[in-house]
Amino acid sequence: MAEPKKLGGAGLRGQSAGETALCTVGKTGAGLTYRGYDIKELADKAQFEEVAYLLLYGKLPNQAELDAYKAKLKGMRALPEALKTVLEQIPADAHPMDVMRTGCSMLGNLETEQDFSEQNDHIDRMLAVFPGLINYWYNFSHKGVRVNVETDADSIAEQFLWTLHDKKPEPLHVQVMHASLILYAEHEFNASTFTARVCASTLSDIHSCVTGAIGSLRGPLHGGANEAAMDMIEQWKSADEAEEAIMGMLARKDKIMGFGHAIYRESDPRNAIIKEWSAKLSEQVGDKHLYAVSERVEAVMWREKKLFCNADFFHASAYNFMGIPTKLFTPIFVCSRVAGWTAHVMEQRANNRIIRPSADYTGPETAEWVDIADRA
Ligand SMILES: CC(=O)SCCNC(=O)CCNC(=O)[C@H](O)C(C)(C)COP(=O)(O)OP(=O)(O)OC[C@H]1O[C@@H](n2cnc3c(N)ncnc32)[C@H](O)[C@@H]1OP(=O)(O)O
Ligand SMILES: O=C([O-])CC(=O)C(=O)O
């Protein structure tokens, strides 16, 4: 069994910043569980709504509870007119993560959390509305189409694809989306979740916590890596070309997006799962090179650097095979991780102390005041 990664140094690595009952990450070097349930079993057997319910309400729902929860979410998909107006002002060349951030913040203006007793309804509303929100903006800004977000989609997975393509998606794609949303739903004290918890610890509102978290997820060292990985692999038309390019990037000490992890040492348990779906989709669409390129990059990175694919790498090809534009990859992560973020916000609120660490001061001991006219 792999040794846990040696954690230390900058970035608060290896330091416990609090307690959680939601998730284990890399407990034995690779283990990932949500409230004790293994990620593989969840991704194989559950729908995303079951996992969201598990994170938010503390247990797996029975059939009646799941049906009621899905019906509740389905009834919460409508976009307020004022939010549509804001989305219609955002240009097509905006980054969709900025659209998510603005959309979430605007929702908080329109449907402000007045009291923590309302938190579950606001959380469910965000889960229900986010897929339609991003795809309303995407279709309006890119095609001039005001897409209907009050679809008959049975699930959040289906709702995302339906509102993106403005038609009922095929069952295989919905199945892959369920698995993907489950894989992305929760991951302990990662950067965006920690952002949400810090915000929650000031007793701020739920939309502020999520808006801040979206900003943290946007960066290429975190959620933004899935689209950065796609931008990279789509340049190469064969596995050999990919290998040559990667060798050059490694020689230049470039960061290869979609590889490595702050906690895992030898593998990210989410990778094998999404990789398998990517392989299935590759066959379905008759892909000639993207999957082969991805596999070669994986092999070269392990051979050369002992670096492994994280959750983001094979998500890139999987989403591409489903016809999802690259710019929308990280917003899908938001549609999923909002479950984890908000479960953490609730956990923080239930046992709160303001998060306020100390810093080691490295500035000058003292500085002498110089009048402005005398400064160099
Ligand atoms: C869902 C997610 O958010 S998963 C993460 C998504 N992010 C990415 O894919 C971006 C690429 N990966 C990275 O930048 C990093 O691996 C991170 C941010 C995920 C983790 O960072 P750290 O914990 O600081 O990495 P770690 O301590 O393991 O790095 C060890 C060495 O490997 C190198 N390394 C780590 N990842 C990579 C990579 N993807 N490509 C090239 N070199 C890498 C580091 O530069 C470091 O080298 P050094 O010792 O010469 O400085
Ligand atoms: O845990 C991390 O640092 C990043 C990550 O994989 C995630 O948030 O899913």
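All figures in this text were calculated on a predicted structure; none of them were measured in a lab. Numbers given for residues are sequential positions, taken from 1 along each chain in its written order. Just so you know, chain letters begin at A and ligand numbers begin at 1, following the order they were written in. Totals for whole chains, interfaces and linings use every residue, but because this is a predicted model, local features are given only for residues with pLDDT of at least 70 and side-chain atom pairs only at 80 or more, for both listing and counting. Based on all heavy atoms of the structure, the side-chain values leave hydrogens and waters out of the count.

**Student:** Explain the nonpolar core here, please?
**Tutor:** For soluble globular proteins, nonpolar side chains are generally found buried alongside one another. Judged by nonpolar contacts, the single largest core of 110 residues is most densely connected at Tyr34, Leu127, Phe130, Phe160, Ile246 and Ile324. Here this core spans two domains, since at least three of its residues come from each of domain 1 (66–221 + 328–350) and domain 2 (225–322). Note on definitions: a residue-residue contact is assigned when non-hydrogen atoms from the two residues lie within 4.5 Å. Excluding residues that lie within four positions of it along the chain, Ile246 makes contacts with Met232, Trp236, Ile256, Val297, Val300 and Met301. Nonpolar cores are built from buried Ala, Val, Leu, Ile, Met, Phe, Trp, Tyr and Cys residues. Side-chain atoms within 4.5 Å join them into one set. Only protein chains enter the accessibility calculation, which uses a 1.4 Å probe. A residue is then buried if its area is under 20% of the maximum for its type, exposed if over 50%, and partly exposed in between. For the domains described, the bounds stem from an automatic or database domain assignment.

**Student:** Can you help me understand the domain arrangement of the protein chain in this one?
**Tutor:** Split by domain assignment, the protein chain resolves into domain 1 (66–221 + 328–350) and domain 2 (225–322). Taking the mean C-alpha position of each, domain 1 and domain 2 sit 26 Å from one another. Contact residues are listed per partner, giving 21 residues for domain 1 and 21 residues for domain 2. When two parts are brought into contact, each loses some accessible area as probed by a 1.4 Å sphere; the total of that loss over both is the buried area. Between domain 1 and domain 2, roughly 2000 Å² of surface is buried when both sides are summed, and carbon and sulfur atoms account for 64% of that area. When the buried area of domain 1 at its contact with domain 2 is split by residue, Leu183, Tyr184 and Phe329 rank highest and sum to 34% of it. For this document, the term salt bridge refers to a Lys or Arg side-chain nitrogen within 4 Å of an Asp or Glu carboxyl oxygen. Across the contact surface, domain 1 and domain 2 share 0 salt bridges. Distance and chemistry together define a polar contact, namely a pair of N or O atoms within 3.5 Å, with one atom able to donate a hydrogen and the other to accept it when in protein, and with adjacent residues in sequence counting only for side-chain atoms on both sides. Scanning the region where domain 1 abuts domain 2 turns up 12 residue pairs in polar contact (both at pLDDT 80 or more). For the side of domain 1 that touches domain 2, the secondary-structure elements that each account for two or more residues are helix H8 (171–184) and helix H16 (329–350). Numbering of helices and strands runs from the N terminus, with a helix taken as a DSSP run of H or I at least four residues long and a strand as a DSSP run of E at least two residues long. Per element, the largest residue contribution to the side of domain 1 that touches domain 2 is 9 residues, and it comes from H8. In this classification, Asp, Glu, Lys and Arg are treated as charged, Ala, Val, Leu, Ile, Met, Phe, Trp, Tyr, Cys and Pro as nonpolar, and every other residue, Gly included, as polar. Here the residues of the side of domain 1 that touches domain 2 are counted per class, giving 11 nonpolar, 8 polar and 2 charged.

**Student:** Where do I start with the sheet that holds strand S3 (residues 37–38) in this structure?
**Tutor:** Here a strand pair is declared whenever DSSP counts at least two bridges between the two strands. The 3 strands are arranged S1-S2-S3 in an open sheet whose pairing can be described as antiparallel. Of all the strands in the sheet, the pair left with one neighbour each is strand S1 (23–25) and S3.

**Student:** It is not clear to me how the site of ligand 2 should be interpreted in this structure. Could you clarify?
**Tutor:** In the neighbourhood of ligand 2, the contacting residues comprise His187, Asn190, His222, His261, Arg270 and Arg337. In this structure, Arg337 approaches ligand 2 through a side-chain N or O atom, which is 2.7 Å from an oxygen atom. Under the convention used here, a 1.4 Å probe and the Shrake-Rupley method define accessible areas, while residue burial counts only the protein chains that appear. For ligand 2, the accessible surface in isolation is 260 Å², of which the surrounding protein chains cover 83%. Considered class by class, the residues forming the shell around ligand 2 number no nonpolar, 4 polar and 2 charged. Put simply, a residue is near a molecule or strand once any heavy atom of it comes within 4 Å of that molecule or strand.

**Student:** Could you clarify how one ought to interpret the UniProt feature "active site" (unreviewed entry) in the protein chain in this entry?
**Tutor:** UniProt positions are given in the numbering used here, feature names are shortened, and annotations may be inferred rather than shown by experiment. UniProt's entry tags His261 and Asp312 with the feature "active site" (unreviewed entry), counted in the numbering of this structure. What stands out for the annotated residues spanning 52 residues is how close their C-alpha atoms remain, the widest pair being 10.6 Å apart. Locating His261 in the fold gives a position in the loop between helix H12 (239–251) and helix H13 (269–285). Within polar-contact distance, the side chain of His261 engages the backbone nitrogen of Ile263 at 2.9 Å.

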